[in-house]
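# Analysis of the macromolecular model
Listed here are the chains, written in short residue letters.
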Amino acid sequence: MTVPPADRPPHRPKHRVLALCVVVLLIAVPAGYLVQSAFVSRDSGETKQREASLSDLHYEWPSKVQRRVYEVPIPKGSSYVAYYESNAWERNTLHVQFRTSQENVQRFLHEIGADRSALRQGEVTISPEQAAKVGWDLRGSPRAYAGLVHEQPDPAPDLRVTVDTTPEERPRVYVVSTVGF
């Protein structure tokens, strides 16, 4: 048996590339995925926390899920859309306001199961407490209102709708949808 000379380097495996690939695939990729998912999770939590801390109207469209759960079908072409959601132990409430055309008011009423004749002229159906929660002043202003209350059997939400008909071409619609548990 011959002994290798001392100046010769030790034997190195020929599969260094394979070993490097294994290390990258087994360690680096999962570590990178964990870091990325941590950042996504953190961003998601901050967004939810920001929305939960809102105490006033949020000027954008409510999510499709919120509109479906609270049964508030905002018509396409509506503008100045704002919402506020409050959650309590036994009752959740969604306040929505939007401005739309006369035709879209009719469509909105039809989609919630009512029609234009159900609106009572001069009636504000949203209570002062509900209006004050989001800063609506529906009782003190000299505007023309028409309203209706659309009560439904549980678990469907009850809707209180008040329409400001002062701007005839683009009335403003105020909706308070309440879901009880």
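Anything mentioned here points back to the structure above.
This report concerns the structure included in the present document. (Residues numbered from 1 in each chain as written. Predicted model: local features only at pLDDT ≥ 70, side-chain atom pairs only at ≥ 80, totals over all residues. Heavy atoms only, no water.)

## A closer look at a nonpolar patch on the surface
A cluster of nonpolar side chains, contributed by Leu 18, Val 22, Val 23, Leu 26 and Ile 27, occupies part of the molecular surface with about 490 Å² of accessible area. Its location among the elements puts Leu 18 in helix H1 (residues 16-52). (Patch = residues over 30% accessible without salt bridge, like charges linked within 9 Å, V, L, I, M, F, W, Y side chains within 5 Å. Areas by Shrake-Rupley, 256 points an atom, 1.4 Å probe, with all protein chains shown as cover. Salt bridge = Lys/Arg side-chain N within 4 Å of Asp/Glu carboxyl O. Helix = DSSP H or I, 4+ residues; strand = E, 2+ residues; numbered from the N terminus.)

## Re the packing of aromatic side chains
Summed over all chains, the structure comprises two aromatic pairs. Centre to centre, the rings of Phe 98 and Phe 108 are 5.5 Å apart; their planes meet at 75 degrees, and the pair counts as edge-to-face. Taken together, the residues Phe 98 in strand S2 (residues 91-99) and Phe 108 in helix H3 (residues 102-111) connect sequence positions 10 residues apart. Accessibility expressed as a relative area gives 1% for Phe 108, which makes it buried. Between Trp 136 and Tyr 174, the aromatic rings sit 5.0 Å apart at their centres with planes inclined by 70 degrees, giving edge-to-face as the arrangement. Linking Trp 136 in the loop between helix H4 (128-134) and strand S4 (145-150) with Tyr 174 in strand S6 (residues 172-180), this pair joins segments that are 38 residues apart in sequence. By relative accessible area, Trp 136 is classed as buried at 9%. (Phe/Tyr/Trp six-rings, centres within 6.5 Å; stacked < 30°, edge-to-face > 60°. Buried < 20%, exposed > 50% of the residue type's maximum accessible area, 1.4 Å probe, protein only.)

## Points about the side chain of Asn 92
Tracing the chain through its elements places Asn 92 in strand S2. According to the relative accessible area criterion, Asn 92 is buried, its value standing at 14%. Only 3.3 Å separates the side chain of Asn 92 from the backbone nitrogen of Ala 88, close enough to count as a polar contact. (Polar contact = N/O pair within 3.5 Å; in protein donor to acceptor, adjacent residues only side chain to side chain.)

## Things to note about the pairing of S2
Counting buried positions over the nine residues of S2 gives seven, a clear majority of the element. Where strand S1 (residues 79-87) lies against S2, seven bridges are found, and the strand directions are antiparallel. Directly across from Ser 86, in S2, lies its bridge partner Thr 93. The antiparallel pairing of S1 with S2 creates a hairpin that spans three residues between the two strands. As defined by bridge partners, S2 adjoins S6 across nine bridges and the pair is classed as antiparallel. Counted as the bridge partner of Val 96 is Val 175 from S6. (Pairing = 2+ DSSP bridges.)

## With respect to the pairing of S4
With respect to burial, S4 is a largely interior element, five of its six residues being buried. Bridging between S4 and strand S5 (residues 158-164) involves six bridges; their strand directions are antiparallel. Note on S5: the bridge partner recorded for Tyr 145 is Asp 164.

## Some words on the pattern of salt bridges
Counting across every chain of the model gives two salt bridges. Across the pair Arg 120 and Glu 123 runs a salt bridge whose closest N-O atoms are separated by 3.7 Å. Here Arg 120 falls in the partly exposed class, since its relative accessible area comes to 40%. Ionic pairing is found between Asp 164 and Arg 143, a salt bridge with its closest N-O pair at 2.6 Å. Of this pair, Asp 164 sits in strand S5 while Arg 143 is found in the loop between H4 and S4, placing the two residues 21 residues apart along the sequence. Note on Arg 143: relative accessible area 37%, which makes it partly exposed.

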